[in-house]
Amino acid sequence: MTVSLRAAYAPLLTAAAVVGIAAALLRVPPSWLLLWEGPLLLLLALVARWSPVRSAAVAGTLGVAAVALWPVPLVWESGSWLEACGAAAFWALPALGAVLAGGYLRRQAGLTRQAVRDARRDQQLELARDLHDFVAHDVSAIVVQAQAARFVAAQDPGQAVRALERIETAGLSALASMDRTVHALQEAAGGPTTPVPGLAQLPELVERFEGGALDADPEAVQELSREADTTAYRVAVEALTNVRRHAPGAAVVQVAVRRAGPGIELSVVNSAAPRGAGGLLARRRRGGTGLAGLRGRVEAAGGRLQAGADADGGWRVSAVFPAEGHPPG
């Protein structure tokens, strides 16, 4: 009902403007013409606010003309053409004011819609990063453990059983990550949500990573802001996922959280993988947002991210965040 009414604004203004111009030319009493100006001004504002641009331009031009030209025949009878032009210019001001008022409201509504679209796009990107940062880590663990179980099943069934237990753990973790994503969608709809994991969950993350070792300074962890804490956890997840993808046979994977000057550093260092240890997962070329996608998040938290090869052929990922109470370095 409302949409159909808005669609009628431009035709109504066109008809009212034609009636107004005809009434002025037919010498209708000025009191009646003045009464007609009120609906015309209202329709001008409504058309500028709601009507499509093309129909609004046509109807608006006629509406402004009707408001501005109604006194011209009256002034022309007793004055000069110059006075008639002045009267038309004077009465054009309220018409233009109505158009500007409607146009301003139209612009504000457009900015609001654009802000909503931008927020939705940012949320979609956030969800995509969450799926990559958390779910991909657990899925890669499932793939690695499945590969290991396939190779050792015949010689050592006990090892295969332990690999299946780790697959179960990684699967449950992936389901939990999916639950967090669903809760994020519910939050967008006004529903409840669950917190994003931080470095408090780092021991559990490293424990699920075979061959991983953790050295974390609890006091240093406490000095991170909430944003830096969750971002550091994302960096650890991504770095460990990359180890599984590109260096699954690495003998040493060391995760550390410690003070680094005025800041707090999270580092993930792995030794070089044996030649030919890539497997199926290493040949999966296309990843998600990766460390490149996390770099902007780290910088937004006031930190800096570095990744590169070590002298021994391994790989090092380091993210340094400002401690609370210290400005970003």
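Residues numbered from 1 in each chain as written. Predicted model: local features only at pLDDT ≥ 70, side-chain atom pairs only at ≥ 80, totals over all residues. Heavy atoms only, no water.

### Description of the sheet that holds strand E2 (residues 253-260)
Defined as follows: Strands are treated as partners if at least two bridges between them are detected by DSSP. Helix numbers and strand numbers start at the N terminus; a helix is a DSSP run of H or I with at least 4 residues, a strand a run of E with at least 2. Axes here mean lines fitted to C-alpha atoms, for a helix over just the part in contact, with angles spanning 0 to 180 degrees between N-to-C directions. Any pair of residues with heavy atoms lying within 4.5 Å of one another is described as a contacting pair.
Pairing within the open sheet is mixed, and its 5 strands lie in the order E1-E2-E3-E5-E4. On the outer flanks of this sheet lie strand E1 (212-216) and strand E4 (304-309), each paired with one strand and no other. The sheet shows a mean angle of 15° between the axes of neighbouring strands, taken without regard to direction. When strand E3 (residues 263-270) meets strand E5 (residues 315-322), the two strands line up antiparallel, connected through 8 bridges. Residue pairing for E5: Val 269 is matched across the bridge by Arg 316. Helix H10 (residues 226-246) contacts E2, E3, E4 and E5 of the sheet and is inclined by roughly 10° relative to E3.

### Observations concerning the nonpolar core
Considering soluble globular proteins, one finds that nonpolar side chains tend to be buried as a cluster. The condition that has to hold: Take the buried residues of types Ala, Val, Leu, Ile, Met, Phe, Trp, Tyr and Cys, join any two whose side-chain atoms come within 4.5 Å, and each joined set is a nonpolar core. Relative accessibility under 20% of the residue-type maximum defines a buried residue, over 50% an exposed one, and the middle range a partly exposed one, all with a 1.4 Å probe and only protein chains included.
Judged by nonpolar contacts, the single largest core of 34 residues is most densely connected at Leu 199, Leu 202, Val 235, Leu 266 and Phe 321. Listed by contribution, the elements that provide at least two residues to this core are helix H8 (202-208), helix H9 (218-222), H10, E2, E3, helix H12 (290-300) and E5. With 9 residues, H10 is the largest single contributor of residues to this core. Beyond its immediate stretch of four places on either side in the chain, Leu 199 contacts Val 221, Leu 224, Asp 229, Ala 232, Tyr 233 and Val 257. Residues Leu 44, Ala 59, Val 67 and Ala 95 belong to the second largest nonpolar core, which totals 16 residues.

Any link to function would need more than the numbers given here.
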